[in-house]
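Understanding the architecture of this molecule
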Amino acid sequence: MPEEEFIINVFCLIDDLFQKLFPTPLRTRGYEPKLSDSEVITIEIVQQFPATIRLG
């Protein structure tokens, strides 16, 4: 699986799960974040996978 496809798949899974667990936004004050919570979690999870696993 190409790395981009892997990242997109992980993001979709996390985003769907995150929306089910937290239907209302966790943050309601302050500046609008540059990344969504799902994007931050995706980055953290994907960087834990070694490149050999991600690229097959």
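A closer look at the layout of surface pockets
A volume near 300 Å³ is recorded for the largest pocket. What lines the largest pocket is a set of 19 residues, and nearest its centre among them are P25, L26, R27, P33 and D37. Mapped onto the lining of the largest pocket, the elements with two or more residues apiece are α1 (3-21) and α2 (37-46). The element best represented in the lining of the largest pocket is α1, accounting for four residues. Across the lining of the largest pocket, the residue classes tally to nine nonpolar, five polar and five charged.

Thoughts on the confidence of the model for the protein
When pLDDT is averaged across the protein, the result is 86; 89% of the residues are at 70 or more. Element-level pLDDT for the protein is lowest in helix α3 (residues 51-54), with a mean of 60, against a maximum mean of 93 in α1.

Quick notes on the environment of D16
Relative to the assigned elements, D16 resides in helix α1. Judged by relative accessible area, D16 falls into the partly exposed class, the value being 49%.

A closer look at α1
With 19 residues, α1 should reach 27 Å at 1.5 Å per residue; the first-to-last C-alpha distance of 27 Å fits that figure. Inspection of α1 places F6, V10, I14 and F18 among the buried residues, and these make up the whole buried set. Looking down the long axis of α1, one finds its buried residues gathered within 90° of arc, a one-sided arrangement. Residues of α1 that are exposed and point over 90 degrees away from its buried face: E4, I8 and K20.

Cut-offs and rules
Residues numbered from 1 in each chain as written. Predicted model: local features only at pLDDT ≥ 70, side-chain atom pairs only at ≥ 80, totals over all residues. Heavy atoms only, no water. 1 Å grid on protein atoms, 1.4 Å probe; cavity = no way out; pocket = protein on both sides within 12 Å on 5 of 7 lines; lining within 4 Å. Points joined across faces, edges and corners; volume = space filled by probe spheres on them. Helix = DSSP H or I, 4+ residues; strand = E, 2+ residues; numbered from the N terminus. Nonpolar A, V, L, I, M, F, W, Y, C, P; charged D, E, K, R; others polar. pLDDT = per-residue confidence, 0-100. Buried < 20%, exposed > 50% of the residue type's maximum accessible area, 1.4 Å probe, protein only. Expected span 1.5 Å × (residues − 1). Arc of directions from axis to C-beta.

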